[in-house]
Amino acid sequence: MKRIKNDGLHTTIEHWEPLSVNKDKALEYDNMLAVCDGGRKADLTGNVQRILCCDASKDEKEIAIDPTDERQMKLIKYKTNGEIYTDPEDKRLETDINQVLNLNGLRDQNGELIADTSTQLLKGRRDAYEQCRTFFRMLDQKNKFTSNMIKKRIDAIEKQDEMPEYAGVTLFFLKNKYRELRNRGL
């Protein structure tokens, strides 16, 4: 969800099948993904505790979640507090999300957030939701809160050559609102 700059400073190569499992696939393109640094280089000034995520957290572990698998990606949902989850629940993917990739930050045994990721993924997803809420309020105030107006925003985002950060979260909430308004005949 974060912008990955193509400058070698913010991007690393993730081997889908870890090299510790199969070194023969080290140079196979279908075994490589460009990923962010997972917070390895994050500026952690102050008393803020954050944790590594994504590739930096995964290390050499094998995972089931595959960002190139459309079926799996359709299971990914977002909560308004920035958490991601699967619906219907998929235990393997949830384990990858929460324990291997740390995409929901560090949580205590009660599920309460202790620390966001070093790249502030939760904050970014929360901010994307808040931007959607602000957009909805603005449409409502102008008496333009219709499925057509939501669809225009969805189309505008999807047509961009370079999508904004957290576009997946924004599109998730916009599409949900679009379906809701369409079902209500608005």
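Attention in this report is confined to the structure presented alongside it.

**Regarding the environment of Ile-97**
Okay, step 1: As for its placement among the helices and strands, Ile-97 is situated in helix α3 (residues 91–100).
Okay, step 2: For Ile-97, a relative accessible area of 0% gives the class buried.
Okay, step 3: Sequence-distant contacts of Ile-97, defined by excluding residues within four places in its chain, comprise Ile-65, Ile-76, Ile-84, Thr-86, Asn-102, Leu-103 and Asn-104.

**Let's talk about the nonpolar core**
Okay, step 1: Ranked by internal contacts, the top residues of the largest apolar core, which has 33 residues, are Ile-65, Tyr-78, Leu-103, Ile-150, Phe-173 and Leu-174.
Okay, step 2: Contributing elements (two or more residues each) for this core: β3 (76–78), α3, α4 (121–141), α5 (147–158) and α6 (167–183).
Okay, step 3: Considering every element that reaches this core, the biggest residue donor is α6, with eight residues.
Okay, step 4: Beyond its immediate chain neighbours, meaning those up to four positions away, Ile-65 contacts Trp-16, Gln-72, Met-73, Ile-76, Leu-93, Asp-96, Ile-97 and Leu-101.

**Notes on the pattern of salt bridges**
Okay, step 1: All told, the structure shown has 10 salt bridges when counted by the stated rule.
Okay, step 2: When the shortest N-O distance is used, the salt bridge between Asp-69 and Arg-71 registers 4.0 Å.
Okay, step 3: Exposure remark for Asp-69: the relative accessible area of 24% places this residue in the partly exposed category.
Okay, step 4: Across the pair Arg-107 and Glu-83 runs a salt bridge, and its minimum N-O distance is 3.8 Å. Linking Arg-107 in strand β5 (residues 106–107) with Glu-83 in the loop between β3 and β4 (84–86), this pair joins segments that are 24 residues apart in sequence.
Okay, step 5: The exposure class assigned to Arg-107 is partly exposed, which follows from its relative accessible area of 23%.

**Overview of the packing of aromatic side chains**
Okay, step 1: Under the criterion given, the structure shown has five aromatic pairs.
Okay, step 2: Between Tyr-78 and Phe-172, the aromatic rings sit 5.3 Å apart at their centres with planes inclined by 65 degrees, giving edge-to-face as the arrangement. Placement of Tyr-78 in strand β3 and of Phe-172 in helix α6 is noted, with a sequence separation of 94 residues between them. There is no split in this pair, since Tyr-78 and Phe-172 are both buried.
Okay, step 3: Arranged with centres 5.1 Å apart and planes meeting at 80 degrees, the rings of Phe-172 and Phe-173 form a pair that is edge-to-face.
Okay, step 4: For Phe-172, a relative accessible area of 15% corresponds to the buried category.
Okay, step 5: Members of the aromatic cluster, connected to one another through ring pairs, are Tyr-78, Tyr-129, Phe-172 and Phe-173.
Okay, step 6: Taking NZ or CZ as reference, Lys-79 lies 5.5 Å from the ring centre of Tyr-85, over its face.
Okay, step 7: The ring of Phe-135 is capped by Arg-153, whose NZ or CZ atom sits 3.9 Å from the centre of that ring.

Scoring rules and cut-offs
- Residues numbered from 1 in each chain as written.
- Predicted model: local features only at pLDDT ≥ 70, side-chain atom pairs only at ≥ 80, totals over all residues.
- Heavy atoms only, no water.
- Helix = DSSP H or I, 4+ residues; strand = E, 2+ residues; numbered from the N terminus.
- Buried < 20%, exposed > 50% of the residue type's maximum accessible area, 1.4 Å probe, protein only.
- Contact = heavy atoms within 4.5 Å.
- Core = buried A, V, L, I, M, F, W, Y, C linked by side-chain atoms within 4.5 Å.
- Salt bridge = Lys/Arg side-chain N within 4 Å of Asp/Glu carboxyl O.
- Phe/Tyr/Trp six-rings, centres within 6.5 Å; stacked < 30°, edge-to-face > 60°.
- Lys NZ or Arg CZ within 6 Å of the ring centre and 35° of its normal.

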